[in-house]
Amino acid sequence: MGGKRRQPSERPPPPPPPPVTMRQTDNGSEISCCLKYTMFGFNVIFWLIGASVLGVGLWAWSEKGTLDNFTQATSIPLDPAMVFVVVGGVIFVLGFSGCIGALRENIYFLKFFAVFLTMMFLAELAVGVLGFIKRDWVETQLNTFVLDSIVAYRDDPDFQDIIDGLQQNLECCGATSYTDWDMNMYFNCSLVDQGVPEACGVPFSCCIEDTSEVVNTQCGYDVRNSDKFSGIVDNVIYTKGCVTMFKEWLEDNLIFVAAMILAIIVLQLLAIGFSKSLISDINRQKALWYRRP
């Protein structure tokens, strides 16, 4: 009556659109919390495992004095402590980058995680293919490694435990035969005249398991000395080489080994896929964040 009347055709102006946030996309969806925290949780576990393995390796090095004289780690074919340090370090770095990248939605950490894991997968694939094609070469290298291990048997207590465990579990002795132990300076037959007890013998881990209450830890003494040993060698020690027994173990457990390899491959591909998906979500959110109406 006193003011201006609104024409019937006019409508109130629409409300302003809600501001675009880092967590919202065009269709109202958000970064998958399930994907984000699943990846975060698994990487926290791997991060802690890697830290534990790395800590054990560094502790073993400190106990053996390797940290003071690093050349000790290269004096044997394979230092078990070095394996712990390398494997633990890789798992620690991967777990840390995946954990922080997922939690903080950091693209750089996630890209590092994805690229590192992809390179590992491709390297494993290449090693597997080459190992299948060059099986004879792999067997030769394995035989050489076991022979070098026999030579360095007493150089490192951890390494000695690994060789003993290998021979006991595979029920083998030496690389190709129990006579390979003549390459070790403590078991060489040339020391018989010097009265060395282990001369012309084999380690206790080569002995066939004794079920009696009193275990004879000297069962491997003089088994390669025909002048002193009058028994049947096959009844006292394992005579087959560890390379041969390892091949037989692989053939007998082929399904189990294939299943383990497949499980590792699937886990790696899932981790790569999850990280790529999370990176795509974050990039989409950033594009909307910087978009101006």
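Above this note sits the structure.
Parameters at a glance
Think of each chain on its own: its residues are numbered from 1, step by step along the sequence as written. This being a predicted model, a pLDDT of at least 70 is required before a residue's local features are given, and a value of 80 or more before pairs of side-chain atoms are given or counted; all residues contribute to the totals for chains, interfaces and linings. Think of the side-chain values as coming from all heavy atoms in the structure, minus any hydrogens and water. Cysteine sulfur atoms are paired as a disulfide whenever they come within 2.5 Å of each other. Secondary structure elements are taken from DSSP: a helix is a run of H or I of four residues or more, a strand is a run of E of two residues or more, and numbering for both begins at the N terminus. Exposure is judged per residue with a 1.4 Å probe applied to protein chains only, and the accessible area is read against the type maximum: over 50% gives exposed, under 20% gives buried, and values in between give partly exposed. Here is the rule: rings of Phe, Tyr and Trp (six-membered ring for Trp) pair when centre to centre is within 6.5 Å. Planes less than 30 degrees apart are stacked, more than 60 are edge-to-face, and the remainder are tilted. Either the NZ atom of lysine or the CZ atom of arginine qualifies as a charge over a ring when it sits within 6 Å of the ring centre and within 35 degrees of the ring normal. The contact criterion used is simple: two residues touch if any of their non-hydrogen atoms lie within 4.5 Å. To estimate how far a helix should extend, the number of its residues minus one is multiplied by 1.5 Å. Within 3.5 Å is the distance limit for a polar contact, defined as a pair of N or O atoms, with the added protein rule that one can donate a hydrogen and the other accept it, and that residues adjacent in sequence qualify only through two side-chain atoms. Residues are said to line a cavity or pocket when one of their atoms sits within 4 Å of a point; the points come from a 1 Å grid over protein atoms alone, cavities being sets where a 1.4 Å probe fits but cannot get out and pockets being open sets with protein on both sides within 12 Å along at least five of seven lines. Grid points are joined across faces, edges and corners, and a volume is the space filled by probe spheres set on the points.

Account for the state of the cysteines, naming residues and giving values.
Applying the stated criterion across every chain yields a total of 4 disulfides. Residue Cys172 pairs covalently with Cys242 via a disulfide, S to S 2.1 Å. Across the S-S bond of Cys172 and Cys242 the torsion is about 85 degrees, and the bridge reads as right-handed. Remark: Cys242 occurs in helix H6 (residues 242-252) and Cys172 occurs in the loop between helix H5 (157-170) and H6; sequence separation between them is 70 residues. The pair Cys172 / Cys242 is uniform in exposure class, with both members buried. One disulfide bridge connects Cys189 with Cys200, the sulfur atoms lying 2.0 Å from each other. On the sign convention where negative means left-handed, the S-S torsion of about 80 degrees between Cys189 and Cys200 marks this disulfide as right-handed. Taken together, the residues Cys189 in the loop between H5 and H6 and Cys200 in the loop between H5 and H6 connect sequence positions 11 residues apart. Take Cys200: its relative accessible area is 4%, and that puts it in the buried class. Regarding the disulfides, the protein carries the connectivity 1-8, 2-5, 3-4, 6-7 under sequence-order numbering of its bonded cysteines.

Lay out the packing of aromatic side chains with the relevant residues and their values.
Overall, the coordinates contain 8 aromatic pairs when judged by the stated rule. With a centroid separation of 5.6 Å and 70 degrees between ring planes, the pair formed by Phe112 and Phe116 is classed as edge-to-face. With Phe112 and Phe116 both in helix H3 (residues 107-133) and 4 residues apart, the pair spans about one turn of that helix. With a centroid separation of 6.3 Å and an interplanar angle of 15 degrees, the aromatic rings of Phe246 and Trp249 are classed as stacked. With Phe246 and Trp249 both in helix H6, this residue pair falls 3 residues apart, about one helical turn. Among the residues examined, Phe246 registers a relative accessible area of 32% and is labelled partly exposed. Overall, the relative accessible area of 34% leaves Trp249 in the partly exposed class. Above the plane of the ring of Phe132 lies Arg135, whose end atom (NZ or CZ) is 4.8 Å from the centre. The ring centre of Tyr186 lies 5.5 Å from the NZ or CZ of Arg154, which sits over that ring.

Could you give an account of the side chain of Asn43, naming the residues involved and the relevant values?
Among the structural elements, Asn43 can be located in helix H1 (residues 33-64). Judged by relative accessible area, which is 6%, Asn43 ranks as buried. Not counting residues up to four positions away in its chain, the partners in contact with Asn43 are Leu94, Gly95, Gly98, Cys99 and Phe113.

Give a detailed account of H3, specifying residues and quantitative values.
The terminal C-alpha atoms of H3 lie 39 Å apart, and with 27 residues this matches the ideal 39 Å at 1.5 Å per residue to within 8%. Ile107, Leu110, Phe113, Ala114, Leu117 and Phe121 are the residues of H3 that are buried. If you check the start of H3, you find a side-chain oxygen 3.0 Å away from the backbone N of Tyr108, and it comes from Asn106.

Talk me through the layout of surface pockets; I want residue IDs and the actual numbers.
One number sums up the size of the largest pocket: a volume of about 1100 Å³. Along the wall of the largest pocket there are 23 residues; nearest its centre are Gly128, Gly131, Phe132, Leu250 and Ile261. Of all the secondary-structure elements, those providing two or more residues to the lining of the largest pocket are H3, helix H4 (135-151), H6 and helix H7 (254-289). Counting residues per element, the lining of the largest pocket draws most heavily on H3, which supplies 7 residues. Here the second largest pocket defines a volume of roughly 590 Å³. Together, 20 residues line the second largest pocket, and Phe46, Leu117, Leu267, Gln268 and Ala271 are the ones closest to its centre. Counting only elements with at least two residues in the lining of the second largest pocket, the list comes to H1, helix H2 (80-103), H3 and H7.

Please provide a residue-by-residue account of unusual backbone geometry, values included.
Keep in mind that most residues, glycine aside, have a negative phi and that most peptide bonds are trans. The phi torsion at Glu105 lies on the positive side, around 55 degrees, for a residue other than glycine. Relative to the helices and strands, Glu105 resides in the loop between H2 and H3. Located in the positive-phi region is Cys200, a residue other than glycine, with phi close to 65 degrees.

I'd like to hear about the environment of Ile31, residue by residue, with values.
Relative to the helices and strands, Ile31 resides in the segment before H1. Each C-alpha atom of the pair Ile31 and Asp281 lies 5.8 Å from the other, and the pair is 250 residues apart in sequence.

The values reported here are purely geometric and, on their own, carry no functional implication.
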